[in-house]
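# Coordinate inspection notes
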Amino acid sequence: MSAVTNVVLAGLGGQGVIKASDILADAALRAGLDVKKSEIHGMSQRGGSVTSDVRFGADVLSPMVPRGEADFLVILASSEVEVARPLLRAGGVLLSPDLIPEADLPNKRSLNVALLGALSCYIEIPVEVLLAAVKAALPERLHEVNERAFQLGRQSVAAQGTIS
Amino acid sequence: MTRQLLSGDEAVALAALDSGVALGTGYPGTPSTEILETFDRLGGRAQWAPNEKVALEVGIGAAFGNARTLVTMKHVGLNVAADPLFTAAYTGVSGALIVVTADDPGMSSSQNEQDNRRYAIAAGLPMVEPADSQEAYDFFFSAAEISERWHIPVLFRMTTRVCHAKSIVLSGDEAAPGAPVPTPAPQTNFAHDINSRVMIPANARPAHRRLRAKLAEIAAWAETCNLNRVEPGDGSGSLGLIANGVSYLHAAEATPGAAILKVGLANPLCVEKARTFVAGVKRAVVVEEGDPVMADALLAAGVPVEAKPEMYRFGELDVARVRRILAGDATPEQPPARGKPPELCPACPYHTVYGTIKKHDLIAAGDIGCYSLGVLPPYQAMDTCVAMGASIGVGLGLRHVLPDSEARRVVSIIGDSTFVHSGISGLVEMAYNPPKTGHVVIVLDNGTTAMTGQQEHPGTGRQLDHGPTTKLSIEGIASAIGIPSVTVVDAHVEPERFEQVLLERLAASELSVIIARRPCILAAADIRKWEQAAVEFRIATAEQAPVCEPSVEDQ
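Residues numbered from 1 in each chain as written. Chains lettered and ligands numbered in written order. Predicted model: local features only at pLDDT ≥ 70, side-chain atom pairs only at ≥ 80, totals over all residues.

### Section: the pairing of strand β3 (residues 49–57) of chain A
Residues and elements named next belong to chain A. With respect to burial, β3 is a largely interior element, eight of its nine residues being buried. Here strand β1 (residues 5–12) runs beside β3; their pairing, made up of eight bridges, is antiparallel. Bridge pairing in β3 places Leu12 opposite Ser49. Inspection of the sheet shows strand β2 (residues 34–39) paired to β3 by six bridges, in the antiparallel sense. Each bridged residue has a counterpart across the sheet, and for Lys36 the counterpart in β3 is Arg55. (Buried ≥ 20, exposed ≤ 12 C-beta atoms within 10 Å, placed from the backbone. Helix = DSSP H or I, 4+ residues; strand = E, 2+ residues; numbered from the N terminus. Pairing = 2+ DSSP bridges.)

### Let's talk about the sheet that holds strand β12 (residues 265–267) of chain B
Residues and elements named next belong to chain B. Ordered in space as β3-β2-β4-β5-β7-β6-β12, the seven strands form an open sheet in which the pairing is mixed. The two strands at the open ends of the sheet, each matched to only one other strand, are β3 (46–48) and β12. One ladder, built from four bridges, connects strand β2 (residues 23–26) with strand β4 (residues 68–74); its direction is parallel. Following the sheet pairing, Gly26 is matched in β4 by Thr72. Of the strands in this sheet, β4, β5 (96–103), β6 (127–128) and β7 (154–159) touch helix α7 (residues 133–150), which is tilted by about 135° from β5. (Contact = placed C-beta atoms within 7 Å. Axes fitted to C-alpha atoms, helices over the stretch in contact; angles between N-to-C directions.)

### Looking at the packing of helix α3 (residues 111–120) of chain A against helix α5 (residues 143–160) of chain A
Residues and elements named next belong to chain A. Contact geometry of α3 with α5 gives a least axis separation of 6 Å together with a crossing angle of 45°. By the angle class used here, α3 and α5 are oblique. The crossing of α3 and α5 is right-handed. On the side of α3, the interface is formed by Val113, Ala114, Leu115, Leu116, Gly117, Ala118 and Ser120, while α5 contributes Asn146, Ala149, Phe150, Gln151, Leu152, Gly153, Arg154, Ser156 and Val157. Looking at the contact of α3 with α5 residue by residue, the classes come out as nine nonpolar, six polar and one charged. (Parallel < 35°, antiparallel > 145°, perpendicular 65-115°, else oblique. Left-handed = near helix turned anticlockwise from the far one by under 90°. Nonpolar A, V, L, I, M, F, W, Y, C, P; charged D, E, K, R; others polar.)

### Quick notes on helix α1 (residues 17–30) of chain A
All names here are of chain A. Here α1 is 14 residues long and its end C-alpha atoms lie 20 Å apart, about the 20 Å a rise of 1.5 Å per residue gives. Among the 14 residues of α1, twelve are classified as buried, and the element is accordingly described as predominantly covered. Where α1 is concerned, the buried positions are Val17, Ile18, Ala20, Ser21, Asp22, Ile23, Leu24, Ala25, Asp26, Ala27, Ala28 and Leu29. Trailing α1 by a residue or two, Gly32 shows a phi angle of about 85°, which is positive. (Expected span 1.5 Å × (residues − 1).)

### A look at the sheet that holds strand β18 (residues 511–517) of chain B
All names here are of chain B. Taken in spatial order, the five strands line up as β14-β15-β16-β18-β17 in an open sheet, and their pairing is parallel. Each having just a single partner strand, β14 (363–365) and β17 (485–489) make up the two edges of the open sheet. Direction aside, neighbouring strands of the sheet carry axes that sit 25° apart on average. Here β17 runs beside β18; their pairing, made up of five bridges, is parallel. Considered in β18, the bridge of Val489 is made with Ala516. Contacts from helix α16 (residues 390–401) reach β14, β15 (410–415) and β16 (439–445), with the element oriented near 175° to β15. Seen against the sheet, helix α19 (residues 474–481) touches β16, β17 and β18 and runs at an angle of roughly 170° to β17.

And the structure:
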């Protein structure tokens, strides 16, 4: 199953966790990959913790990322970092909200897209495909702000110099 | 051909559209709600019923009229609809009747995790069970075929992960191998068939025998139908798994190389196919979420399979738990990560209601909806929550038996959609058998079915597509039932008045309904928009309506 990339997105209800996972899954679909996405709706919408699993690759079976097997953990709320950390595999990449300088974020609500930008530095889905998925998911008036947020996420990773 | 990323719910809606379903009806309930909403959005005819029983009855009628019909509900909704379901199995149908039951193993948003495969066995109905969105699409056509071929309602069991997980669906290419081929929807018509449809005992006795004969035929068909398939794995024959639904996907991932009998027809079970499969492997394990339904049936039939340890009856399965099942590991599991629990929205109009109940230490018989969150801190102001509409009956029962001083502290709390669903008959009971201390029912009317994502219901005066219709008056119903005191108050704007009314009604030995009315904060903007559209619609229709001139006789 090494050909499958496992991403878990986590945050609080209302932060755009589901929107971000929808965008990522759509991008994988556009890139011609097999993809599955899963989360729990319902009670979790009322401000509680929300996690969403996105898995993509040549052939994806289970829709859920097994505990301890996430390659990437994308976290939108600092309070969720420790809650979600056990989901990450050894050597996996954790992208937390601290990565994005808040002052530079064009709009607080675009943190989810900024973190997708950060994630784009690591995954096989082409940047332009991800950006197309971002735009397809948002009304046109929000495109510019979110493209800037996306690029901010990419620059934040580059500034860290963690990509080998 | 189209290639889309769809949830299982969306895939069922698309299949319903592509297979010519004439009517979809149901009651909202996580995780089934999005099926009818999507069916409507795609152009299908979809409507919410007051509850699941009525939805199924409408579906039965439509299927008696030769239509292809879809009825959707969550697993506990099938309890409400069970009465017509069991006898519709006897009557059979002329068109197709597909009843979706969306089970919630792990209870992400439910009060229990009952396994509705038991209903298929108990009612004697075929049950189709997809594993992902592609199967949800394809199997829907199979369900319609079974229903029309054997003139029998078909249960379509989904679970939370099948309903809400998104995966790729290919549709619209009838030439693709294995792709469903739509058949033209039948003409709707009615033919008298009293012997089949009027279930007086004289007709029901032969109807039961007919049902069992149909099931025997379907059981024989199950042994070769393509809903059940064998994946040979690496051919070593060392390990064979029998799996259904999403458990199949976890199992396939956990054990690359194992042979798998993937069961897509949950009832009748392909026992002989399983017997042959098991004979060809050294070890056979049943991987199923919830109750050990397949394992019990196979063991009873003398098929030597291993059932999962009892601890895996509880909660969802996943890849890690399947690995543990295969390792026979019944040691305690690591508890799942516990994040922040849900809570009432900060601007929810019910904060003041629960604040008042907590302040006066009332005994609150509660009900099902967002407002169930009143049980969590900081309020912890709900003492019971059992079933849709149960708050009223449970509150009355407490009032009947508690000493007067305690009984006077009992209130029932119920939401607007829940009230319409099954609270009305509780109110009738209250008027019919009043406790000697009276009783107080608080209806939390936020103008929407908030918990499941703001669906309409008869009390909103709008249909599923938010278009206007007759509006049920909760206060009118309460008065008509004979409740002497009915008060409407906005507890958010007037918390002191709410508190005063509540204390006054508790002190009176009388029956009271207090309607705490204020729109859900999440739905308020949409409700305003739809209300405006409804007003414009009514003005436009009034202008078009012919004006009635008084006749000479009237003068």
